[in-house]
Amino acid sequence: MARLVIRNCSVLVVPAEGECRVDEYQDIVIEDGVIDEVMPAGALAPAVDIEELDATGLIAVPGLVNSHTHSPMVMMRGAAEDVSIDDWFNRKIWPMEMNLTAERVKVGARLACAEMLLAGVTTFVDHYFHADQIAAAALETGIRADLAPTFFSSTGTDGREAAYEAARQVRALGESAARNGLPRITASLGPHATYTVSEEDLVRTAEVAQAEGFRIHLHAAETADQTQASMDRLGATPIQVLDRTNVLEAGALIAHGCGITDADLPILAKHAARTTVAACPKVYLKLAMGTTTPVKQLWSAGISVGVGTDGAAVHNTLDVWESLRLLALTQKQREQDAEWMTISDTLRLATRGGAAAAGMPDELGAIEPGRRADIALVDLSGPHCRPLHDPRAALVYSVRASDVVTVVVDGNIVVKDRKLATADLDEILTDASDLAHTLVDLSRGGAVQHYAP
């Protein structure tokens, strides 16, 4: 039995409802990857069979969840700037993705996993190609991941079925590597979006999901323009399309949802137990998308919301601290209410909401006995956090990714003293630098898809 004790830390307590709080001078006892007890510091006597981690002066927070991303797109970071959303897809990213290979995806995924772990992200929910390579990178670096192999209807039945098979293989890989009964790598089905995947293929995806116990992770109602285009083309909003194709019945993580309408809310409410939405606010600002995820309305319908970064080709970082800060700010602006999206609401969304988006609402998202030991230890002593009137406010509005000192995933120390403990970061950076130019080369011509929602 592996035992780890995190000694003498403050602990961010995130209840299901109400105010978050910080409990000082606590020990966190972990056994076989699970939090066994949180107790006053010093109450547990030292023992030879216990690994101890001194966290004096640090605050323990539930490991952050990147609720929607395309991790290998770190290789395109900074290569598609100051363009419209149409040109971002059609002139930049989808032509670049003609250059994807398994090797290039794995190199990018390793870099992404390193970046996230060093910033206290312990789980990411991914939607991309060559998902087996992303799984290999996640297993190597020690991060937790749910991976959805992407497909478009333009690739035909063979492409669709290959994506399903890729999800099955990722699931099997995760199960074979599992310890203590809970795989660290899981899989979802990944149709790209309601405007790139036919209703026939969505129906088939829902059938496979229900028959084989998968969730579905896809883009839907990303913008108000997309919702209007769906009404014009199909006579239904993207959410209505997901309803009539049984995607919502199967269980779905919806990326973005900025174009969700008031009429969609009763539909979503019917499926609230199986539906989550991921908000990536920096992307909406950068691409001038006009609005943001309607968190207040979704919560009123009982829908859990998590925060993500989308891909670094548009977000530029995989920094969830940055995302949660922007989410709080843009939600206040959206509702024109400075009292809305409180610090506690924001922290709960980033932790418990992220756990729901990852499909593990009861296993992740809080430092509580019985939950998996995914924990980030954060240093709030920097000048940008001082004076420290309220550590909760510092976590939302002041903390930087570089303030993360140590990270534990599934009871394993994966970052220690701000250094990656599971892989050679210099090697990861060298490999990415050597290959990055091959991904952003536009000389090949063509595109994996055309953006015309």
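Residues numbered from 1 in each chain as written. Predicted model: local features only at pLDDT ≥ 70, side-chain atom pairs only at ≥ 80, totals over all residues. Heavy atoms only, no water.

- If you look the protein chain up in an unreviewed UniProt entry, it shows as Amidohydrolase from Kribbella ginsengisoli.

Re the pairing of strand E3 (residues 34–40)
1) Next: In the sheet, strand E2 (residues 21–31) pairs with E3 via 6 bridges, with the strands oriented antiparallel. Counterpart to Gln26 in the pairing with E3 is Pro40.
2) Next: Counted between consecutive antiparallel strands, the loop separating E2 from E3 contains 2 residues, among which Asp32 sits at a positive phi close to 50°. (Pairing = 2+ DSSP bridges. Helix = DSSP H or I, 4+ residues; strand = E, 2+ residues; numbered from the N terminus.)

Here we look at the UniProt feature "domain: Amidohydrolase-related" (unreviewed entry) in the protein chain
1) Next: Following the UniProt record, the feature "domain: Amidohydrolase-related" (unreviewed entry) maps to residues 59–414 here.
2) Next: In the segment residues 59–414, helix accounts for 44% and strand for 18%; the C-alpha atoms at its two ends are 17 Å apart. (UniProt positions renumbered as here; feature names shortened; annotations may be inferred.)

Some points on the packing of helix H2 (residues 102–118) against helix H16 (residues 425–440)
1) Next: Where H2 contacts H16, the two axes come as close as 9 Å, and the packing angle between them is 135°. Classified by the interaxial angle, the pair formed by H2 and H16 is oblique. The way H2 lies across H16 gives a crossing that is left-handed. Where H2 approaches H16, its residues Glu103, Arg104, Val107, Arg110, Leu111, Ala114 and Leu118 are matched on the opposing element by Leu425, Glu427, Ile428, Leu429, Asp431, Ala432, Leu435, Thr438 and Leu439. (Axes fitted to C-alpha atoms, helices over the stretch in contact; angles between N-to-C directions. Parallel < 35°, antiparallel > 145°, perpendicular 65-115°, else oblique. Left-handed = near helix turned anticlockwise from the far one by under 90°. Contact = heavy atoms within 4.5 Å.)

Considerations on the environment of Pro266
1) Next: Residue placement: Pro266 occurs in helix H9 (residues 265–270).
2) Next: When its relative accessible area of 51% is taken as the criterion, Pro266 is described as exposed.
3) Next: Considered as a pair, Pro266 and Glu212 are 54 residues apart in the sequence and their alpha carbons are 27 Å apart. (Buried < 20%, exposed > 50% of the residue type's maximum accessible area, 1.4 Å probe, protein only.)

Notes on the packing of aromatic side chains
1) Next: As enumerated under the stated definition, the model contains 10 aromatic pairs in all.
2) Next: Between Trp94 and Phe152, the aromatic rings sit 5.7 Å apart at their centres with planes inclined by 80°, giving edge-to-face as the arrangement. Of this pair, Trp94 sits in helix H1 (residues 85–96) while Phe152 sits in the loop between strand E8 (144–151) and helix H4 (156–176); the two residues are 58 residues apart in sequence, bridging distant segments of the chain. Exposure class is identical for Trp94 and Phe152. Each is buried.
3) Next: Where Trp299 meets Trp340, the ring centres are 5.7 Å apart and the plane angle is 75°; that geometry is what we call edge-to-face. A residue pair is termed long-range when its members are at least 10 positions apart, and Trp299 in helix H11 (residues 295–300) and Trp340 in the loop between helix H13 (320–335) and helix H14 (343–357) qualify at 41 residues. (Phe/Tyr/Trp six-rings, centres within 6.5 Å; stacked < 30°, edge-to-face > 60°.)

Structural notes on the pattern of salt bridges
1) Next: If you walk through the whole model with that rule in mind, you get 30 salt bridges.
2) Next: In this structure, the salt-bridge partner of Glu161 is Arg160, at a minimum N-O distance of 2.8 Å.
3) Next: Note on Glu161: relative accessible area 25%, which makes it partly exposed.
4) Next: Across the salt bridge formed by Asp390 and Arg392, the nearest N and O atoms sit 2.9 Å from each other. (Salt bridge = Lys/Arg side-chain N within 4 Å of Asp/Glu carboxyl O.)

Some remarks on the sheet that holds strand E13 (residues 275–279)
1) Next: Reading across from one edge, E11-E12-E13-E14 is the order of the 4 strands in this open sheet, with parallel pairing throughout. Bordering the open sheet on either side are strand E11 (216–220) and strand E14 (304–307), each of which pairs with just one other strand. Between one strand axis and the next, the sheet turns by 30° as a mean value, whatever way the strands run.
2) Next: Two elements, strand E12 (residues 252–256) and E13, share 4 bridges in a ladder whose sense is parallel. Each residue of the ladder has a partner; that of Ala252, found in E13, is Thr275.
3) Next: Across the sheet, H14 is in contact with E12, E13 and E14; its angle to E14 comes to roughly 110°.

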